[in-house]
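Chain residues, written in single-letter form:
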Amino acid sequence: MAAKLLLPFVLVLVLSACGGAKDPPYVERPVEELYNVAMDAMAAGEWEAAARGFDEVERQHPYSVWATKAQLMAAYSYYQRNAYTDAISAADRFIQLHPGSKETPYAYYLLAICYYEQITDVGRDQKITQQALSALEEVVRRYPNSEYARDARLKIDLTRDHLAGKEMTIGRYYLRSGQQIAAINRFRAVVEKYQTTTHVPEALHRLAEAYMSLGVLDEAQNVAAVLGYNYPGSEWYVDTYTLVTGQTVPGAKSAEGDDKGWFSRTWNSIF
């Protein structure tokens, strides 16, 4: 009973003590000191502290040269701790404020990488993959001869392959479900939009499957012709030839070269 009577009194003392506590007063510090502290945190791998430190540089000295550098360093620090949303926001802000800076190409590249590293498996929504592709293409478009563009081009190929993989996943589902028209639309999208990806031979084979199941033999034969012309040594062509003709391929050849122009002309001439 005594303990119960004392409890409200103790709570009042605790709350009074908390209410009496004050935040430390704001103290403006020299810009060089703030920047160096943030750099030390970054060197130690303390990315959150580094990001906060660089943000503080800009907050206390927004019109200094150091603030401009700190903006991009904050974006990099956020990226390193996988705080992609904050990194994207910081990089985009740098781009908006300093479009002519010599560091702006890196800001565009960092923005693209933040999206690229968030790409998920093909079973999930690919909005972030589309954003990554757009951002990577922007790097190449704006700075085609930069070191960032060289890496961006490689990642563009991987990103496009990923998007094609998503289309294939959906197309296969439609095909298994007996929704041939929907499946055809997906496979044609792969062939027409992602001709340089690894998924094209299978997409052509699945197109032939869908046309055969609909009884549209002429279309299936056309697809088989495109597949055989461009990928004569492919296992997908062997399967497609057998599917369409009921026979085995008479001496399949190995594919020589990879002339995408010929592929486009062959595809367009038939369809």
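These numbers come from a predicted model, not from an experiment.

Cut-off values and rules
- Residues numbered from 1 in each chain as written.
- Predicted model: local features only at pLDDT ≥ 70, side-chain atom pairs only at ≥ 80, totals over all residues.
- Heavy atoms only, no water.
- Helix = DSSP H or I, 4+ residues; strand = E, 2+ residues; numbered from the N terminus.
- Buried < 20%, exposed > 50% of the residue type's maximum accessible area, 1.4 Å probe, protein only.
- Contact = heavy atoms within 4.5 Å.
- Expected span 1.5 Å × (residues − 1).
- Phe/Tyr/Trp six-rings, centres within 6.5 Å; stacked < 30°, edge-to-face > 60°.
- Lys NZ or Arg CZ within 6 Å of the ring centre and 35° of its normal.
- Core = buried A, V, L, I, M, F, W, Y, C linked by side-chain atoms within 4.5 Å.
- Axes fitted to C-alpha atoms, helices over the stretch in contact; angles between N-to-C directions.
- Parallel < 35°, antiparallel > 145°, perpendicular 65-115°, else oblique.
- Left-handed = near helix turned anticlockwise from the far one by under 90°.
- Nonpolar A, V, L, I, M, F, W, Y, C, P; charged D, E, K, R; others polar.
- pLDDT = per-residue confidence, 0-100.

## Side note on the overall build of the protein
Looking only at helices and strands, one finds 13 helices and zero strands in the protein. Ordered by position in the sequence, the α and β elements of the protein form the string α-α-α-α-α-α-α-α-α-α-α-α-α. Relative to its 271 residues, the protein shows a buried fraction of 40%. A separation of at least 24 residues holds for 55% of the contacts in the protein among residues at least 6 apart in sequence.

## Some remarks on helix H9 (residues 180-193)
The terminal C-alpha atoms of H9, which comprises 14 residues, lie 20 Å apart, in line with the 20 Å expected from a rise of 1.5 Å per residue. All of the buried residues along H9 are Gln180, Ala183, Ile184, Phe187, Ala189, Val190 and Val191.

## Brief notes about the packing of aromatic side chains
As enumerated under the stated definition, the model contains 10 aromatic pairs in all. Ring centres 5.9 Å apart and planes at 65° place the aromatic pair Tyr237 and Tyr241 in the edge-to-face group. With Tyr237 and Tyr241 both in helix H12 (residues 235-245) and four residues apart, the pair spans about one turn of that helix. In this structure Tyr237 comes out as buried when scored by relative accessible area, which is 14%. Feature note: the residues Trp47, Tyr76, Tyr79 and Tyr84 constitute an aromatic cluster, connected by ring pairs. Over the ring of Trp66 we find Lys69, and its NZ or CZ is 5.1 Å from the ring centre. Above the face of the Tyr116 ring, Lys155 is positioned so that its terminal group lies 5.4 Å from the ring centre.

## Notes on helix H4 (residues 65-80)
Taking 1.5 Å of rise per residue, the 16 residues of H4 would be expected to cover 22 Å, and the 23 Å separating its terminal C-alpha atoms lies within 8% of that figure. Within H4, burial applies to Ala67, Ala70, Gln71, Leu72, Ala74, Ala75, Ser77, Tyr78 and Tyr79. Looking at the buried residues of H4, the elements they touch are helix H2 (31-43), helix H3 (47-60), helix H5 (84-97) and helix H6 (104-116). Once H4 finishes, Asn82 follows within two positions and takes phi at roughly 65°, a positive value.

## Notes on the side chain of Thr104
Along the chain, Thr104 falls in helix H6. By relative accessible area, Thr104 is classed as buried at 0%. When near neighbours in sequence (up to four residues on either side) are disregarded, Thr104 contacts Phe94, Ile95, His98, Pro99 and Tyr143.

## Description of the nonpolar core
The biggest cluster of nonpolar side chains holds 69 residues, and the ones touching the most others in it are Phe54, Tyr79, Tyr115, Phe187, Leu204 and Leu207. It is H6 that contributes the most residues to this core, 10 residues altogether.

## Concerning the packing of helix H8 (residues 147-176) against H9
At a minimum axis distance of 7 Å, the contact between H8 and H9 shows a crossing angle of 160°. Taken together, the axes of H8 and H9 are roughly antiparallel relative to one another. Judged by the sense of rotation from one axis to the other, the crossing of H8 with H9 is left-handed. Listed contacts from H9 to Arg160, Ala164, Glu167, Met168, Ile170, Gly171, Arg172, Tyr174 and Leu175 of H8 are Gln180, Ala182, Ala183, Arg186, Phe187, Ala189, Val190 and Lys193. Partitioning the contact of H8 with H9 into residue classes produces 10 nonpolar, two polar and five charged.

## Here we look at the confidence of the model for the protein
In the predicted model, the protein carries a mean pLDDT of 84, and the fraction of residues at 70 or more is 82%. Of all secondary-structure elements in the protein, the lowest mean pLDDT belongs to helix H1 (residues 2-20), at 41, while H6 reaches the highest, 97. Counting interchain partners and residues more than four positions distant, the pLDDT-below-50 stretch residues 1-21 has zero contacts. Counting contacts from residues 253-263, a segment whose pLDDT is below 50, to residues more than four positions away or on other chains yields 19 contacts.

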